[in-house]
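Listed here are the chains, written in short residue letters.
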Amino acid sequence: MAAWLVVTAHLKDREAFMSCGYAQAAAEALVSYGGTYVVRAPGGTVLEGEGRDGGSVVVSEWPDRDAALAFWNSPEYTAAKKLREGLAEISVTLVGA
């Protein structure tokens, strides 16, 4: 059964975030571990519950939970995450089996 990683990011400095190399490194790792992007969009609006408007939302689809976790814990993605340190407040939720 498919699984999804749902990421909400509030960028502190959009220009710095976009030029730090994270997006390219993350995309390369995502593809190499079998993921696909479903949504990559800025400007989310919270309709209910806690949260903040304006976040960028990224949803990636995976064959299953184990594939998503293999990507998340991979050396490639661990290195990519270091590129964005201090540039955004990130929330990540894994859903699916």
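This brings us to the nonpolar core. One finds L5, F17, Y22, W62, F71 and Y77 to be the most contacted residues of the largest nonpolar core, which totals 14 residues. Secondary structure elements with two or more residues in this core: α2 (22-32), α3 (65-72) and α4 (75-83).

The volume enclosed by the largest pocket comes to roughly 470 Å³. Residue lining of the largest pocket: 24 residues in total, with F17, Y22, A23, R40 and V58 positioned closest to the centre. Contributing elements (two or more residues each) for the lining of the largest pocket: β1 (3-11), α1 (14-19), α2, β2 (36-41), β3 (56-62) and α3. Among the residues making up the lining of the largest pocket, the classes are represented as 19 nonpolar, 2 polar and 3 charged. Empty space within the second largest pocket amounts to approximately 190 Å³. Taken together, T8, H10, G44, T45, V46, E50, G51, R52, G55, V57, E89 and S91 form the lining of the second largest pocket. In the lining of the second largest pocket, the residues fall into 2 nonpolar, 7 polar and 3 charged.

Pairing is antiparallel in the open sheet, where 4 strands are placed in the order β2-β3-β1-β4. Two strands close off the open sheet at either side, each with one partner strand: β2 and β4 (88-96). Across the sheet, the mean angle separating the axes of adjacent strands is 15° when strand polarity is ignored. In terms of strand pairing, β1 meets β3 through 7 bridges, oriented antiparallel. Its bridge partner being in β3, A9 is matched across the sheet by S56. Taken strand by strand, α2 contacts β2 and β3, and its axis lies near 150° from that of β2. Contacts from α3 reach β1, β3 and β4 within the one sheet, and its direction differs from that of β4 by about 155°.

This paragraph deals with the environment of E61. In this structure, E61 sits in strand β3. It is 5.3 Å that separates the C-alpha atoms of E61 and T36, two residues lying 25 residues apart in sequence.

To continue, consider the environment of E50. Within the secondary structure, E50 sits in the loop between β2 and β3. In this structure the C-alpha to C-alpha distance between E50 and R84, which are 34 residues apart in sequence, comes to 24 Å.

In the contact formed by α2 and α4, the axes pass within 9 Å of each other and the chain directions differ by 165°. In terms of their interaxial angle, α2 and α4 are classed as roughly antiparallel. Where α2 crosses over α4, the handedness of that crossing is left-handed. Taking contact as the criterion, the partners of Y22, A25, A26 and A29 in α2 are, on α4, E76, Y77, A80, K81 and L83.

Procedures and definitions
Residues numbered from 1 in each chain as written. Predicted model: local features only at pLDDT ≥ 70, side-chain atom pairs only at ≥ 80, totals over all residues. Heavy atoms only, no water. Core = buried A, V, L, I, M, F, W, Y, C linked by side-chain atoms within 4.5 Å. Buried < 20%, exposed > 50% of the residue type's maximum accessible area, 1.4 Å probe, protein only. Helix = DSSP H or I, 4+ residues; strand = E, 2+ residues; numbered from the N terminus. 1 Å grid on protein atoms, 1.4 Å probe; cavity = no way out; pocket = protein on both sides within 12 Å on 5 of 7 lines; lining within 4 Å. Points joined across faces, edges and corners; volume = space filled by probe spheres on them. Nonpolar A, V, L, I, M, F, W, Y, C, P; charged D, E, K, R; others polar. Pairing = 2+ DSSP bridges. Axes fitted to C-alpha atoms, helices over the stretch in contact; angles between N-to-C directions. Contact = heavy atoms within 4.5 Å. Parallel < 35°, antiparallel > 145°, perpendicular 65-115°, else oblique. Left-handed = near helix turned anticlockwise from the far one by under 90°.

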